[in-house]
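Okay, here's what each chain looks like letter by letter:
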Amino acid sequence: MGDQNRDLFTSKFGVIAAAAGSAVGLGNIWKFPYIAGEYGGGAFLFVYLGFIIVIGLPIMISEFMIGRKAQKNAFGSFKALAPNSSWRITGLFGVIAAYLILSFYGVVAGWSFHYAAESCLGNLVDKTPQEFESLFVSFIEKPILPVVWQSIFMIVTAGIVLLGVQKGIEKYSKILMPLLVIILLVLVVRSVTLPGAEKGLAFLFKPDFSKFTMDGVLNALGHAFFSLSLGMGTLITYGSYVKKSNNIGRTAFQVSMADTLIAILAAIVIMPAVFAFDIAPGKGPGLVFITLPNVFQQMPGGQFFSVLFFVLLGVAALTSSISILEVIVTFFVEEFKMKRKTATLIAGSTTALVGVFCSLSMGVLNTSVFMGKNLFDTLDFFASNVFLPLGGLLIALFVGWYFGKQRTEEELSSGGRFKVNYINVLFVSLRYIAPIAIFIVLVYGIVENLEIYLELDIMPW
Ligand code: PHE
């Protein structure tokens, strides 16, 4: 089944940088700090960490294992490991999810490029909080400027993917990920040394179980998926570039820990700063694009740290978006026998085009596409609440019940080279815990949205 000419990652560090690069993204830097704060800080962290270990890690191991065993793209892997079955649909869902995610992801990434440029030019100073808000809102509603930045971001993404696995993805991840960690550490030091930072740290780490609701549990699981890049074959695709000599169980553990640690560090940057300047922790995109510029302008050395922060956000988004584009590109190359160049051009330009409509749906094309949501929110909803959990569920069932323990153990051990003493625990999760938990989240996500849309009160919590 192996392909002698496959463009493989060359080193252990390359694998970790690329996979952690995929995992660490917008999800870690703007979403995690806000939802952690919202659902009781330490209490949320505790449950989130539990989900990462009990559900996220087993599925990450499974994705790496599937890809490395099959040496194929997300769709082709299922075709190879389960011939003449319908399991390949799982891979197809992955490719569709990649399209949905990349379209809106590129838009937000473009915003962070714009904000990096604006802070470089010194345009994010001397403003009131209201002015920051209207600046952000009027920017994202514009028809041209956000599209220009989104296109620049997509061109950079496609440029790296075009260069291939070793010369593109691995090389740039090895440069960008250490850069990201350095910027993050500089910002951590700045933030925690601000007078009054303790309030933010307490907000983040003091477990407040009174704020911890069923909603918090479900958000923790949903976010664990998005943050670890699970459920759409990203790590199947990357797994197919991992050498047999790599201990993928250990790699998965390191990647999931790195992702979690970086999310926590991002929260340590944002919360103390927000609290030190007595600003209410805002919600979602607002926290990063409205609240933070306001924090930076009040902080000594603010402009410098503001540039660093938005560069950080852009870099994090870039190493994630290349992994998403790679899912589609490898699929085109292997299933339709396209050249990498053609595949990248087609995949890059079509996702960018959908992205343009996503961006316009913030302003001139702001009409309801589905259940009162505009295009941007519709794609986000389907990707995060439907496709990723569904993909994760199918992957857990595939490995747990179809592929089986023996073949999994053999692949994980690299033919007896590594001990896989966690195999039984892994299978308890893949067979029972993960499928049941994901099923609940999937149903909850859908019902919750229906409930809000139809203004009903169906759920008992
Ligand atoms: N994990 C990325 C983030 O946290 C997003 C992502 C999801 C990337 C799915 C790849 C696949 O931003």
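Just so you know, these numbers come straight off a predicted model, no measurement behind them.

## Digging into the overall build of the chain
Helix and strand content of the chain: 18 helices and zero strands. Rg of the C-alpha trace for the chain: 21 Å, near the compact-globule value of 23 Å for 461 residues, within the 12% margin. Overall size of the chain, expressed as C-alpha extent along the three principal axes, is 60 × 50 × 45 Å. Burial statistics for the chain: of 461 residues in total, 58% are counted as buried. By sequence separation, contacts in the chain at least 24 residues apart represent 81% of the contacts at least 6 residues apart.

## With respect to the nonpolar core
Formed by 159 residues in total, the largest nonpolar core has its most connected members in Ile59 and Phe309. A total of 18 residues in this core trace back to one element, the largest contributor, which is helix 14 (residues 302-335).

## Looking at the packing of helix 5 (residues 88-120) against helix 16 (residues 375-403)
With their axes 9 Å apart at the nearest point, helix 5 and helix 16 run at an angle of 145 degrees to one another. Both helix 5 and helix 16 take part in a crossing whose hand is left-handed. In this structure, helix 5 contributes Thr90, Phe93, Ile96, Ala97, Leu100, Ile101, Ser103, Phe104, Val107 and Val108 to the contact, and helix 16 contributes Phe376, Leu379, Asp380, Phe382, Ala383, Phe387, Leu388, Leu390, Gly391, Leu394 and Ile395. Classifying every residue of the contact of helix 5 with helix 16 gives 17 nonpolar, three polar and one charged.

## Some points on the packing of helix 2 (residues 26-38) against helix 5
The interhelical angle for the contact between helix 2 and helix 5, taken along N-to-C directions, is 80 degrees, at an axis separation of 12 Å. By the angle between their directions, the pair helix 2 and helix 5 is classed as roughly perpendicular. Contact with helix 2, carried on its side by Leu26, Gly27 and Trp30, involves Tyr105, Val108 and Ala109 of helix 5 and no other residues of that element. Residues that form the contact of helix 2 with helix 5 fall into these classes: five nonpolar, one polar and no charged.

## A few points about helix 2
Here helix 2 contains 13 residues, and its C-alpha end-to-end distance of 18 Å stays within 8% of the 18 Å for a straight helix at 1.5 Å per residue. The buried count for helix 2 comes to eleven of 13 residues, which makes it a mostly enclosed element. Looking one or two places after helix 2, you find glycine 40, whose phi comes out positive at around 90 degrees.

## Quick look at unusual backbone geometry
Here the phi dihedral of asparagine 84 falls at roughly 55 degrees; this positive angle occurs in a residue that is not glycine. Along the chain, the position of asparagine 84 falls in the loop between helix 4 (74-81) and helix 5. For asparagine 84, a relative accessible area of 77% corresponds to the exposed category. Its identity is not glycine, yet serine 229 carries a phi of approximately 60 degrees, on the positive side.

## Things to note about the side chain of serine 229
You can see serine 229 is positioned in the loop between helix 10 (214-227) and helix 11 (234-239). Reaching out from serine 229, the side chain makes a polar contact with the side chain of serine 22 at a distance of 2.9 Å. Filtering out sequence-adjacent residues up to four positions away, serine 229 remains in contact with Ser22, Ala23, Thr234 and Leu235.

## Description of the site of the ligand
The local shell around the ligand holds 15 residues, among which Ala23, Leu26, Gly27, Tyr105 and Phe226 are the closest. One of the backbone N or O atoms of glycine 27 is found 2.9 Å from an oxygen atom in the ligand. The contact in question runs from an oxygen atom of the ligand to an N or O atom on the side chain of tyrosine 105, over 2.5 Å. Taken by itself the ligand offers 330 Å² of open surface, and the protein chains cover 100% of this. For the shell around the ligand, the elements supplying multiple residues, two or more each, are helix 1 (12-23), helix 2, helix 10 and helix 14. Here the shell around the ligand is built from residues that sort into six nonpolar, nine polar and no charged.

Procedures and definitions
Residues numbered from 1 in each chain as written. Predicted model: local features only at pLDDT ≥ 70, side-chain atom pairs only at ≥ 80, totals over all residues. Heavy atoms only, no water. Helix = DSSP H or I, 4+ residues; strand = E, 2+ residues; numbered from the N terminus. Rg over C-alpha atoms; globule rule 2.2 N^0.38 Å. Buried < 20%, exposed > 50% of the residue type's maximum accessible area, 1.4 Å probe, protein only. Contact = heavy atoms within 4.5 Å. Core = buried A, V, L, I, M, F, W, Y, C linked by side-chain atoms within 4.5 Å. Axes fitted to C-alpha atoms, helices over the stretch in contact; angles between N-to-C directions. Left-handed = near helix turned anticlockwise from the far one by under 90°. Nonpolar A, V, L, I, M, F, W, Y, C, P; charged D, E, K, R; others polar. Parallel < 35°, antiparallel > 145°, perpendicular 65-115°, else oblique. Expected span 1.5 Å × (residues − 1). Polar contact = N/O pair within 3.5 Å; in protein donor to acceptor, adjacent residues only side chain to side chain. Near = heavy atom within 4 Å. Areas by Shrake-Rupley, 256 points an atom, 1.4 Å probe, with all protein chains shown as cover.

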